[in-house]
Amino acid sequence: MKINDLIKTDTVEKWQVCGIVVQCMVPKLGIIQSELSKLPDTEIHAVNEENGKIVAVMQANSQKELANRMELARDIDGVITVSLVYHQVEDN
């Protein structure tokens, strides 16, 4: 089951912001960092090259859109896991 399957589509749109940690295969870290940077409204704030971890912030207009971006990050070749560490919702 994907994250989007759990999200109602009739919710009121709100500004969504989340902080994530992406655990990567170390040899593919540079490629993953580049691919993450291509995702809309995604900013990389820290990279630990020894442990293969990337800290990023994602923003979106809806929960479904944000969940979709997290799934896109998870599907990048070499990504082991994407962990949500912070989530904030603001009214538009």
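Residues numbered from 1 in each chain as written. Predicted model: local features only at pLDDT ≥ 70, side-chain atom pairs only at ≥ 80, totals over all residues. Heavy atoms only, no water.

1. As for the overall build of the protein
Rule in force here: In this text, helices come from DSSP runs of H or I with a minimum length of four residues, and strands from runs of E with a minimum of two, each type numbered from the N-terminal end. Throughout, a contact is declared for two residues whenever any of their heavy atoms are within 4.5 Å.
For the protein, the count of helices and strands is two helices and four strands. Seen in sequence order, the protein has helices and strands lined up from the N terminus as β-α-β-β-α-β. Taking all contacts inside the protein whose residues are at least 6 apart in sequence as the whole, residues at least 24 apart take part in 68%.

2. A closer look at the sheet that holds strand β1 (residues 14-24)
We count it as follows: A pair of strands is considered paired only if DSSP assigns at least 2 bridges between the two. Each axis is a line fitted through C-alpha atoms, and for a helix only the stretch in contact is used; angles between axes span 0 to 180 degrees, taken between their N-to-C directions.
Strand order in the open sheet formed by four strands is β2-β3-β1-β4, with antiparallel pairing between adjacent strands. The outermost strands of the open sheet, each flanked by one partner alone, are β2 (42-48) and β4 (79-91). This sheet shows a mean twist of 15 degrees between the axes of neighbouring strands, independent of strand direction. As judged from the eight bridges shared by β1 and strand β3 (residues 53-60), these two strands associate in the antiparallel manner. Bridging across to β3, valine 21 finds its partner in valine 55. Relative to β2, helix α1 (residues 29-38) is tilted by about 160 degrees, and along the sheet it contacts β1, β2, β3 and β4.

3. Notes on the environment of cysteine 24
Relative to the assigned elements, cysteine 24 resides in strand β1. Sequence separation between cysteine 24 and lysine 53 is 29 residues; the distance between their C-alpha atoms is 6.0 Å. Not counting chain neighbours up to four residues away, the residues in contact with cysteine 24 comprise Leu29, Ile32, Gly52, Ile54, Gly78 and Ile80.

4. Focus on the environment of valine 57
Its location among the elements puts valine 57 in strand β3. Here the alpha-carbon distance between valine 57 and valine 85, two residues 28 residues apart in the chain, equals 10.0 Å. Residue contacts for valine 57: discarding those within four places in its chain leaves Val17, Cys18, Asp41, Thr42, Glu43 and His45.

5. As for the side chain of arginine 69
Of note, arginine 69 is situated in helix α2 (residues 63-74). When neighbours within four sequence positions are excluded, arginine 69 is seen to be in contact with Leu39, Pro40, Asp41, Thr42, Met58, Gln59 and Ala60.

6. Description of the nonpolar core
The following threshold applies: Here, the term nonpolar core denotes a set of buried Ala, Val, Leu, Ile, Met, Phe, Trp, Tyr and Cys residues that are joined through side-chain atoms within 4.5 Å. Throughout, exposure labels follow a simple rule: accessible area from a 1.4 Å probe, protein chains only, divided by the maximum for the residue type, with under 20% read as buried, over 50% as exposed, and the rest as partly exposed.
Residues Ile20, Val22, Ile32, Leu36, Ile54, Met58 and Val82 are the most contacted members of the largest nonpolar core, which totals 18 residues. Elements represented by at least two residues in this core include exactly β1, α1, β3, α2 and β4. Discounting chain neighbours no more than four positions away, the residues touching valine 22 are Leu36, Gly52, Lys53, Ile54, Val79, Thr81 and Val82.

7. Notes on the environment of alanine 60
Positionally, alanine 60 belongs in strand β3. With 29 residues separating them along the chain, alanine 60 and valine 89 place their C-alpha atoms 9.9 Å apart. The contact partners of alanine 60, leaving out residues within four places of it in the chain, are Lys14, Trp15, Gln16, Glu65, Leu66 and Arg69.

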